[in-house]
Amino acid sequence: MDVNLVLRSTRVITPEGTRPASIAVSGGTIAAVLAYDAEVPAGARLEDVGDDVVLPGLVDTHVHVNDPGRTEWEGFWTATRAAAAGGITTLLDMPLNSLPPTTTVDNLRVKQEVARSKAHVDVGFWGGALPDNVKDLRPLHDAGVFGFKCFLSPSGVEEFPELDQERLATSLAEISGFGGLMIVHAEDPHHLAAAPQRSGGAYADFLASRPRDAENTAIENLINQARRLDARVHVLHLSSSDALAPIAAARAEGVKITVESCPHFLTLTAEEIPDGATEFKCCPPIREAVNQDALWQGLADGTIDCIVSDHSPSTADLKTPDFASAWGGISSLQLGLPAIWTEARRRGHTLEDVVRWMSEGPARLAGLTRKGAIEAGRDADFAVLAPDATFTVDPAELQHRNRITAYAGRTLSGVVTSTWLRGERIADHGTLAEPSGRLLERNN
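Not measured: the values here are computed from a predicted model.

A. The arrangement of the sheet that holds strand β8 (residues 122-125) in detail. Taking strand neighbours across the sheet as the criterion, the three strands line up as β6-β7-β8 in an open arrangement whose pairing is parallel. A strand with exactly one partner marks an edge of an open sheet, and here the two such strands are β6 (58-63) and β8. Between one strand and the next, the sheet's axes are offset by a mean angle of 20°, whatever the strand orientation. Pairing of β6 with strand β7 (residues 88-93), which is carried by four bridges, proceeds in the parallel orientation. Note on β7: the bridge partner recorded for Val-59 is Thr-90. With respect to the sheet, helix α1 (residues 76-85) is in contact with β7 and β8, its orientation differing from that of β7 by roughly 140°.

B. Inspection of the sheet that holds strand β9 (residues 127-128) at higher detail. With parallel pairing, the six strands of this open sheet are ordered in space as β9-β10-β11-β12-β13-β14. Two strands close off the open sheet at either side, each with one partner strand: β9 and β14 (306-307).

C. Structural context of the pattern of salt bridges. The tally for this structure, following the rule as stated, stands at 30 salt bridges. Linking Glu-253 and Arg-227 is a salt bridge whose minimum nitrogen-to-oxygen distance equals 2.7 Å. Taken as a pair, Glu-253 in the loop between α8 (244-252) and β13 (257-261) and Arg-227 in helix α7 (residues 212-229) lie far apart in primary sequence, 26 residues in all. Residues Lys-256 and Asp-230 are paired through a salt bridge, measuring 3.4 Å at the closest nitrogen-oxygen approach. Linking Lys-256 in the loop between α8 and β13 with Asp-230 in the loop between α7 and β12 (232-235), this pair joins segments that are 26 residues apart in sequence. Among the residues examined, Lys-256 registers a relative accessible area of 38% and is labelled partly exposed.

D. Seen up close, the packing of aromatic side chains. In total, this model carries eight aromatic pairs according to the counting rule given. When the ring of Phe-148 is compared with that of Phe-178, the centres are 6.1 Å apart and the planes differ by 65°; the resulting orientation is edge-to-face. Of this pair, Phe-148 sits in strand β10 (residues 148-151) while Phe-178 sits in the loop between α4 (165-177) and β11 (181-185), placing them 30 residues apart in sequence. Each member of the pair, Phe-148 as well as Phe-178, carries the same accessibility label: buried. By the ring-pair criterion, three or more aromatic residues cluster together here, those being Tyr-203, Phe-206 and Phe-323. Over the ring of Tyr-36 we find Arg-8, and its NZ or CZ is 5.5 Å from the ring centre.

E. Seen up close, empty space enclosed by the protein. Across all of its chains, the model carries three cavities of 30 Å³ or more by this definition. Of the volumes computed, that of the largest cavity is approximately 90 Å³. For the largest cavity, the lining is made up of 13 residues, of which Asp-60, Ile-88, Ser-309, Gly-336 and Met-358 are closest to its centre. For the lining of the largest cavity, the secondary structure elements donating two or more residues are β6 and α11 (336-346).

F. Highlighting the environment of Glu-397. Within the secondary structure, Glu-397 sits in the loop between β15 (382-392) and β16 (411-421). Residue Glu-397 is classed as exposed on the basis of its relative accessible area, which comes to 55%. On a C-alpha basis, the gap between Glu-397 and Ala-115 in space is 23 Å, while along the polypeptide they are 282 residues apart.

G. The arrangement of the nonpolar core in detail. Phe-148, Met-182 and Ile-286 are the most contacted members of the largest nonpolar core, which has 95 residues in total. In this view, Met-182 contacts Ala-129, Phe-148, Lys-149, Cys-150, Leu-163, Leu-168, Ser-171, Leu-172, Ile-175, Arg-232, Val-233 and His-234; residues no more than four positions away in its chain are not counted. Counting residues in each nonpolar core, the second largest holds 21 residues, with Leu-96, Trp-126, Trp-327 and Leu-365 among its members.

H. Here's a closer look at the layout of surface pockets. Here the largest pocket defines a volume of roughly 590 Å³. Taken together, 34 residues form the lining of the largest pocket, with Ser-155, Arg-210, Lys-281, Cys-283 and Gly-328 sitting closest to its centre. Elements supplying a minimum of two residues to the lining of the largest pocket: β10 and α6 (203-209). Taken together, the residues of the lining of the largest pocket break down into 13 nonpolar, 15 polar and six charged. By volume, the second largest pocket amounts to about 380 Å³.

I. Expanded view of the pairing of β10. Every second residue of β10 is oriented toward a common face, with Phe-148 and Cys-150 on one face and Lys-149 and Phe-151 on the other, all of them buried. Assessed by its sense of winding, the connection that carries the chain from β9 through helix α3 (residues 134-142) to β10 is right-handed. Sheet topology places β10 next to β11; four bridges connect them, and they run parallel. Residue Phe-148 lies in a different strand from β11, and its bridge partner there is Met-182.

J. Fine view of the side chain of Thr-89. Tracing the backbone shows Thr-89 in strand β7. Beyond its immediate sequence surroundings of up to four residues, Thr-89 is in contact with Gly-57, Leu-58, Val-121, Asp-122, Asp-381, Phe-382, Thr-419, Trp-420 and Leu-421.

K. Summary view of the side chain of Thr-278. Its location among the elements puts Thr-278 in the loop between α9 (263-267) and α10 (289-300). A relative accessible area of 1% means that Thr-278 is categorised as buried. Here the side chain of Thr-278 touches Thr-320 through a polar contact of 2.7 Å, landing on its backbone oxygen. Ignoring anything within four residues of it in the chain, the contact list for Thr-278 reads Lys-319, Thr-320, Pro-321, Asp-322, Phe-323 and Ala-326.

Scoring rules and cut-offs
Residues numbered from 1 in each chain as written. Predicted model: local features only at pLDDT ≥ 70, side-chain atom pairs only at ≥ 80, totals over all residues. Heavy atoms only, no water. Pairing = 2+ DSSP bridges. Helix = DSSP H or I, 4+ residues; strand = E, 2+ residues; numbered from the N terminus. Axes fitted to C-alpha atoms, helices over the stretch in contact; angles between N-to-C directions. Contact = heavy atoms within 4.5 Å. Salt bridge = Lys/Arg side-chain N within 4 Å of Asp/Glu carboxyl O. Buried < 20%, exposed > 50% of the residue type's maximum accessible area, 1.4 Å probe, protein only. Phe/Tyr/Trp six-rings, centres within 6.5 Å; stacked < 30°, edge-to-face > 60°. Lys NZ or Arg CZ within 6 Å of the ring centre and 35° of its normal. 1 Å grid on protein atoms, 1.4 Å probe; cavity = no way out; pocket = protein on both sides within 12 Å on 5 of 7 lines; lining within 4 Å. Points joined across faces, edges and corners; volume = space filled by probe spheres on them. Core = buried A, V, L, I, M, F, W, Y, C linked by side-chain atoms within 4.5 Å. Nonpolar A, V, L, I, M, F, W, Y, C, P; charged D, E, K, R; others polar. Right-handed = clockwise from strand over helix to strand, strands pointing away. Polar contact = N/O pair within 3.5 Å; in protein donor to acceptor, adjacent residues only side chain to side chain.

Spelled out as structure tokens, the structure:
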């Protein structure tokens, strides 16, 4: 292969570990990972990033882009710029909060057409499983969606209703019949209905309205369904550490279940959230510090497979001071890597761990075999990080459309100095290139 780029660093994170290396790139693909001082092939451009760390581009499989239909909340242009600025080179868009939702092939085509010219990073799509669209699941699978999202409790938008246990079983049976994946917002509606519901700005009241039992019961029911139907399932945005033991036990007995958590559950705690600060509202909620410690243990022992953003933005007016009525969602596409690295390092983890959780794990979940690692044959997608540099989060410097963030004013470690997509630099010290992302399909 004709090598056109060599990216060199004293610290390159590969599947074999971190080492000085020169990465040879040909036609957007990693041709070889060479010795640090390897001769640069004739005609190739050398880019030496010194002691900055070269990571595989991050993969975020949980992003609400909301485009088309709610583009005042977010859009492909702004969301993918934020992703690129944060070292993310691939994202998968959730099927809801856009209009139309991704619940038929025709709706998927609408969304793909909107995204095609706006994507700064590679973009794929999840389909949605609704009570009345079982007939659409196989066609969506054949059209290239990466799997199907469902809710077990109300989603917050009327065009994406939840599945009860009977309809969950019907959809799971259909999806498992063609080897698909169901990804699940797991909160039990009966526990939510029984929990105390109070209006106002007290975070403690909001936390009580989304109890751990709602997650724990929904996950136990999901495990039972997956076991009975031999279905492959994935638990979205785990916040209750109580569910880790049942998940680990189910996996040990052969149930095909995986689980993710999110930066906000791993870096923010209920104890620090001021009353009225609804930029911290999400569902399920940010829980107590002791719960967070247990989530980190779940990452360390491998029960939690990956960390993804659940980037779920809204306009500022929807973040009212009343936790009961405010829109629930945290925007963190641009900040996930430094937020996690700051906390991971404090807890004794390494950047290799972060790569496993934020690049390799999500790529494996989605079957993105060309993503998630720096090795020959993969896409030349890289995030270059100055791990010891620090910055204070200024919302004005964020790229997503509505610059609301729960991280405002926090000092984080790890500055993304550049991001590369298939061997082309798409972000350079905060300056973004024109869109060059591709639309991805499952197994393609």
